Amino acid sequence: MAADALPVLSDAARALAARCESKAGDPARRITEAGLTGPPAPADLTPEEKDPRIAAAARHGLRWLIRRAVRGDRGDTRLLRERAAQHADDGLPLHLLLRGQLHGTHALWRSLRAAARPGEEDALIELAGFLLAAQEYLVGAVSETYVDERAALAAEERERDRSLVRALLDGSLPADRFPAARLGLADGALVLALRLPPGDGPVRAPLAVRRELRRVQAALDRTYGTDVPAVLDTGGGHAVVPGHAVPHGTDEDLLARLRHACSPEIRVAAVPAADPGAIAGAARTASEILRVARAGGLAAGLHRLDDVLLEYHLAHRDGSGERIAALLDPITGRPDLVETLRTYLGSRQERRSTARQLGLHPNTVDNRLARITELTGLDLATPHGTALALAALLLRDAAAAG
């Protein structure tokens, strides 16, 4: 309800309200004397401070009501909103503010009733309707401002945590200067790397991207039962889960929630970090696990180092790396053959599974594999040839990644 939608009072009703104008502070004093009960006050706000603040908030609302009733002007709720924002910043519970306002309005009604003279019954009924309508407006204004302020404070706090985690992940903030205890990371963390698949069609609208990232963040928070600091963008990113001893079965829960929030093709890698100083290294390892899992043709899902141990080892360069990677030079211009090789190796040399994933006939897969052997000299029917092909594929992808 808008302030200008409040009813215009008759002269008799305004006259009755005017007789109580000088007593607008009385209901607020009664609130202080009554001492509204509720949750403990914030750490920096004692109970002795809490009740007067509630009373002051109610007093501002009651004065607005009286001025609006007597003079009929719209009144200025800016001060009410400023006070609501301040109380939100102080952590004073919203329900106490609203109870104070309602309690004060009830006390004001009792004052009006006591001040009414014989023959003013209609004016009193008119004022009762006015108070009910105005209360709807005031409660809405206070609640809206309070909730907006709390949301803004929560967003600021989350962004502050995200900035700290980002600095820790990229190594720009030394671990000994990181407020690990505040974020629950003093005992280590589970570091996640996420790769979000590209959306279908052209570039997605920013609103759609933000919604997807919010769903991903919610999936992380719900899975681990806490606020999980995450640094995410359209391609993925990292998340740092407080505590590295994650309960059994959480991997399956996380993957199910992320697939529902984003896509069945999402990839996640998980690496534990025993202390804050190990988080940056764990993030690099998790990113590398994602890369080699994709390069090795593994199906999308959640991977740990043990899942890609051979691929991880083969993907790291040494003096012979360039020569091994060069084995696939003859098929560089044939992306169909490269993708067939990747899928074939990821399917553990199952030609029918490869054909199903690529949407091909098994005979077509056989023909492509024969062509790969013909062009590269790698015999994919032998363990040695398969190992060389896998190493070459991983090393080429590592070189392309930078």
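As a reminder, the structure under discussion sits directly above these lines.
Residues numbered from 1 in each chain as written. Predicted model: local features only at pLDDT ≥ 70, side-chain atom pairs only at ≥ 80, totals over all residues. Heavy atoms only, no water.

Caption draft 1: Broad picture of the overall build of the protein. Scanning the protein from N- to C-terminus turns up 15 helices and five strands. Burial status across the protein gives 45% buried among its 402 residues. Summed over its atoms, the accessible surface of the protein is roughly 20600 Å², and 53% of this surface lies on carbon and sulfur atoms. (Helix = DSSP H or I, 4+ residues; strand = E, 2+ residues; numbered from the N terminus. Buried < 20%, exposed > 50% of the residue type's maximum accessible area, 1.4 Å probe, protein only. Areas by Shrake-Rupley, 256 points an atom, 1.4 Å probe, with all protein chains shown as cover.)

Caption draft 2: Structural detail: the layout of surface pockets. Its boundaries defined by the atoms lining it, the largest pocket holds a volume of some 370 Å³. Contributing elements (two or more residues each) for the lining of the largest pocket: helix H12 (335-346) and helix H13 (351-358). Among the elements that make up the lining of the largest pocket, the one with the highest residue count is H12 (three residues). (1 Å grid on protein atoms, 1.4 Å probe; cavity = no way out; pocket = protein on both sides within 12 Å on 5 of 7 lines; lining within 4 Å. Points joined across faces, edges and corners; volume = space filled by probe spheres on them.)

Caption draft 3: Structural context of the nonpolar core. Counting 46 residues, the largest nonpolar core has Phe178, Leu185 and Ile279 as the members making the most contacts within it. The set of elements that each furnish at least two residues to this core consists of helix H6 (121-169), strand S1 (189-195), strand S4 (267-273), helix H9 (279-295), H12, helix H14 (362-376) and helix H15 (383-401). Ranked by residues supplied to this core, first place goes to H9 with nine residues. (Core = buried A, V, L, I, M, F, W, Y, C linked by side-chain atoms within 4.5 Å.)

Caption draft 4: Summary view of the side chain of Asp221. Mapped onto the fold, Asp221 is located in helix H7 (residues 206-224). On the basis of relative accessibility, which here comes to 15%, the residue Asp221 falls in the buried class. Residues contacting Asp221, with those up to four places away along its chain left out, are Arg158, Thr226, Asp227 and Val228. (Contact = heavy atoms within 4.5 Å.)

Caption draft 5: Seen up close, the sheet that holds strand S5 (residues 302-303). A sheet is described by the order of its strands in space; here five strands give the open sequence S2-S3-S1-S4-S5, paired in mixed fashion. The open sheet has two free edges, formed respectively by strand S2 (230-233) and S5, since each of these has just one partner strand. The pairing of S4 with S5 spans two bridges and is parallel. Opposite Val268, over in S5, you have Leu302 as the bridge partner. Across the sheet, H6 is in contact with S2 and strand S3 (236-242); its angle to S2 comes to roughly 85°. (Pairing = 2+ DSSP bridges. Axes fitted to C-alpha atoms, helices over the stretch in contact; angles between N-to-C directions.)

Caption draft 6: Summary view of a positive patch on the surface. Together, Arg210, Arg211, Arg214 and Arg215 make up a region of like positive charge exposed at the surface. On the secondary structure map, Arg214 appears in helix H7. (Patch = residues over 30% accessible without salt bridge, like charges linked within 9 Å, V, L, I, M, F, W, Y side chains within 5 Å. Salt bridge = Lys/Arg side-chain N within 4 Å of Asp/Glu carboxyl O. Lys, Arg positive; Asp, Glu negative; His and termini not counted. Charge placed at Lys NZ, Arg CZ, Asp CG, Glu CD.)

Caption draft 7: Structural context of the pattern of salt bridges. Summed over the entire model, instances satisfying the criterion amount to 14 salt bridges. Between Glu159 and Arg162 there is a salt bridge, with the nearest N and O atoms lying 2.6 Å from each other. Here Arg162 and Glu159 lie together in helix H6, a separation of three residues that amounts to about one turn. By relative accessible area, which is 36% here, Glu159 ends up partly exposed.

Caption draft 8: Local environment of empty space enclosed by the protein. Evaluated as defined, the whole model comprises two cavities of 30 Å³ or more. For the second largest cavity, the calculated volume is near 40 Å³. Ala17, Leu65, Ile66, Ala69, Leu108, Leu112, Leu127, Phe130 and Leu131 are the residues that line the second largest cavity. When residues of the lining of the second largest cavity are traced back to their parent elements, those giving at least two are helix H3 (47-71), helix H5 (94-115) and H6. Here the residues of the lining of the second largest cavity sort into nine nonpolar, no polar and no charged. (Nonpolar A, V, L, I, M, F, W, Y, C, P; charged D, E, K, R; others polar.)

Caption draft 9: A look at helix H4 (residues 78-90). For H4, built from 13 residues, the straight-helix expectation of 18 Å at 1.5 Å per residue is met to within 8% by its first-to-last C-alpha distance of 18 Å. What H4 keeps buried is the set Leu80, Ala84, Ala85, His87, Ala88 and Asp90. Downstream of H4 by one or two residues, Gly91 has phi in the positive range, about 85°. (Expected span 1.5 Å × (residues − 1).)

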